Each structure stands twice: as structure tokens, then as C-alpha cells.
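Residue-level structural notes
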Amino acid sequence: MQTVRQLPALREAVSGFRAAGDRVAFVPTMGALHDGHMALVEAARRTATRVVVSIFVNPKQFGPKEDLAKYPRKEMADSRMLSTAGVDLLWLPPVEVMYPHGFETTVSVGGVSEVLDGAARPGHFDGVATVVTKLFNQVQPDVALFGEKDWQQLQVIRRMVADLDLPVEILGVPTYRDDDGLALSSRNAYLLPEERARAVALPRALGFAERAIAKGEDTQAALAQARDTLSAAGFDVDYITLADAETLGDPVAGRAMRLLGAARIGGTRLIDNIPVTTNDHG
């Protein structure tokens, strides 16, 4: 696996892939890699002949009171995992390469980025859209893979790629979960043991609500029950909601829907989502 930290070396490596006629898949990450990231890498290997992974803890997607300083950084362990997984190229840009002196441009996606996590974390998705646009321009992949755990992020990126005519295919990869159902996240490392034990209430509450809605029970009652369940488990709930799977607006009969939740336990904010299998949204 080749590791590069400067843009000319990245462009040279990717040009070599192109000259050989390779199809390039790209997995952008913030590091602190886990089995969920490795599932993205495995999916990338199935869809392309070359796999590029980036690790960049993007300061522009963290709010002023969020966890940028303490976000886990494990570069050596991450590099070993990626090399073992058969990654061809690791892109490790320093902040000054990604955002050099005088950088003043922001990419902002309206609509889908303004609700849910966009409302709870002002500016977050501007930071995501800006860095992903830069990464796509740097790596110039044929296909990029993102986890469905960050469902809103996935929809923001799909909207951005469509609106800006970016020549990259976006693939969503199903959420990778621990045996008890908790979605894997780098932030799970923040959980104390007793918090980790209680954290499973989030996927379970979403699952109970999804089954109730699928059976035709009242949607608002099912969502309220999920919020109450999480509060009883010690969570501070940001939102539990049923939304159109693409726009994240109100559900529309005949269109795919998604049940999404975000809640904080101790000092850790967790998110999760699952599909809903009925068009009857009460």
C-alpha cells in the first residue's frame, strides 16, 4: 500500500491507475477505523480494481463545542488495517494541504442538509460537502462508498453530486452492527461500559417503532414511544422521526421512507436509522 500526504504525489499515483485502465473506488474516512469501515473497503474492492482510502479529521465539520480535539486518531493502526485489507493507496493530507492559507470556499447543499443533524449541528454539512468535494477533485474516483449509518450525510452527498454534475457514482453500504445491534461508530470508543450496555436501546427503540409503523399503527404514537424508551434508558433525545428517505422531508405515500434517530448518552451523541417497509405512515 502506498501512502501519500501531498497532492502532487496523489495525482501521480491516481494518474498511474488511470493509465493502466483501472477503475478507482474511493472510501473517505476520518480514521479510527473499525469493522464498519472495513466493510466499505471490502465493497470497494468488489466494485473496482483499485481502492483509495483517505483519512482526514475534517475541522470544518465540527462545531465550536464539539469533539474535534478528542476525536480518536490512530494513524499507525489504521494504516496496518488498510494494508491488510488490500487497499492500494492511502491519502493522508495534513490540514494545511486540505485548507491552505487563504482558503475561503464553502460548498453548501440546501434542503436535505437543513433538517435533523443539520439543525442540531449548524454548519456541519457545509463542512462535509466542502471536504468531500475537495476529496473527489483530488482523487477523481469512478465510485465512492459511504456507510448508510450516516444516512443524512449520504443523501447530502448524493444531492451535491447530482446538482454539481460530479462524475462519480455514489454507493451506500448497509450499516455494520455489533452483535447486540448497536451501529459501529468511531465515537463508540467514548462510551463508558455502563453507557455501552445502555446504548443498545437506540437501535432497539427504532426497531420497535419500525415494526409498529409497518403494522399500520399510529406513526406519532410509535415515535413517542421510542423517545420515551430512550429517555428511560438515560438518553437525551435530539430526534426520532420518520422521513422521506431521499429528501428527509415529510413521508410521501409510495416513496421509500427512513426512520432516523439521534440521542446523547453521557457525553456521546449516537445516530442510527433503518428503512421502513410500508407506505402507510399514519
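Before going into details, it helps to say that this report is about the structure given with it.

Basis of the calculations
Numbering of residues begins from 1 in every chain and follows the order in which that chain's sequence is written. Residue-level local features of this predicted model are given only where pLDDT is at least 70; pairs of side-chain atoms are given and counted only at 80 or more, and the full residue set underlies all totals for whole chains, interfaces and linings. Calculation of side-chain values draws on the structure's entire complement of heavy atoms; hydrogens and water are dropped beforehand. Aromatic contacts are taken between Phe, Tyr and Trp rings whose centres are within 6.5 Å, Trp giving its six-membered ring; a plane angle under 30 degrees counts as stacked, one over 60 as edge-to-face, and the others as tilted. Numbering goes from the N terminus for both helices and strands, where a helix is a DSSP run of H or I of at least four residues and a strand is a run of E of at least two. Partly exposed residues are those whose accessible area sits between 20% and 50% of the maximum for their type, while under 20% is buried and over 50% is exposed, using a 1.4 Å probe and protein chains only. Just to be clear on terms, a salt bridge is a Lys or Arg side-chain nitrogen sitting within 4 Å of an Asp or Glu carboxyl oxygen. We treat two strands as partners when DSSP finds at least two bridges between them. In this analysis an axis means a line fitted to C-alpha atoms, helices contributing only their contacting stretch, and an angle means the value between N-to-C directions, from 0 to 180 degrees. Any two residues whose heavy atoms approach within 4.5 Å are treated as being in contact. In this scheme, roughly parallel covers angles under 35 degrees and roughly antiparallel covers those over 145, while 65 to 115 is roughly perpendicular and the rest are oblique. By the definition used in this description, the sense in which the near helix is turned from the far one sets the handedness, with an anticlockwise turn below a right angle giving left-handed and a clockwise turn giving right-handed. By convention, a crossover is right-handed whenever its connection, traced from the first strand over the helix to the second and viewed with the strands pointing away, goes clockwise.

**Here we look at the packing of aromatic side chains**
For the structure on display, the rule yields five aromatic pairs. Ring geometry for Phe136 and Phe146: centres 6.4 Å apart, planes at 70°, overall edge-to-face. With Phe136 in helix 6 (residues 124–139) and Phe146 in strand 5 (residues 143–147), this pair connects stretches of sequence that are ten residues apart. Here Phe146 falls in the buried class, since its relative accessible area comes to 4%. Ring-pair connections join several aromatic residues into one group, and the members of that group are Phe26, Phe136 and Phe146.

**Thoughts on the pattern of salt bridges**
In the structure shown here, the tally under the stated rule is 19 salt bridges. For Asp67, the salt bridge goes to Arg187, with nearest N and O atoms at 2.9 Å. Here Arg187 lies in the loop between strand 6 (169–173) and helix 8 (193–199) and Asp67 lies in the loop between strand 3 (50–55) and helix 3 (75–84), a separation of 120 residues in the sequence. For Asp67, a relative accessible area of 12% puts it in the buried group.

**A closer look at the sheet that holds strand 8 (residues 257–265)**
With respect to topology, three strands assemble into an open sheet ordered 7-8-9, the strand pairing being antiparallel. Both outer strands of the open sheet, strand 7 (236–244) and strand 9 (268–276), are each paired with one neighbouring strand and no more. Across the sheet, the mean angle from the axis of one strand to that of its neighbour is 10°, orientation sign disregarded. Relative to strand 8, strand 7 runs antiparallel, the two being bridged by eight bridges. Its bridge partner lying in strand 8, Leu242 is registered against Leu259. Where helix 9 (residues 201–214) meets the sheet, it contacts strand 7, strand 8 and strand 9, and its direction lies at approximately 25° from that of strand 9. The strands that helix 10 (residues 219–232) touches are strand 7 and strand 8; relative to strand 7, the one it contacts most, it runs at about 155°.

**Side note on the sheet that holds strand 4 (residues 89–91)**
Sheet strands associate in pairs through backbone hydrogen bonding, adopting either a parallel or an antiparallel arrangement. One open sheet holds the six strands; their spatial order is 1-4-3-2-5-6, and the pairing between them is parallel. Because the sheet does not close on itself, it has two edges, and the strands there are strand 1 (2–4) and strand 6. The mean inter-strand angle of the sheet, taken between neighbouring strand axes irrespective of direction, is 25°. Pairing geometry for strand 1 and strand 4, over three bridges, is parallel.

**Some remarks on the packing of helix 6 against helix 7 (residues 151–163)**
Between helix 6 and helix 7, the least distance of the axes is 10 Å, while the angle of their chain directions is 55°. With respect to each other, helix 6 and helix 7 are oriented oblique. Our pair here, helix 6 against helix 7, has a crossing hand that is right-handed. Of the residues in helix 7, those touching helix 6 at Phe125, Val128, Ala129, Val132, Thr133 and Phe136 are Gln152, Gln153, Val156, Ile157, Met160 and Val161.

**Some words on the pairing of strand 5**
Strand 5 sits mainly inside the fold: four of its five residues count as buried. Judged from the two bridges that link them, strand 2 (residues 24–29) and strand 5 form a sheet pairing that is parallel. Across the sheet, the residue bridging to Ala25 is Val143, located in strand 5. For strand 5 and strand 6, the ladder comprises five bridges, and the chain directions are parallel. Bridge assignment links Ala144 to a residue of strand 6, and that residue is Ile170. Each parallel crossover has a hand, and for strand 5 linked through helix 7 to strand 6 it is right-handed.

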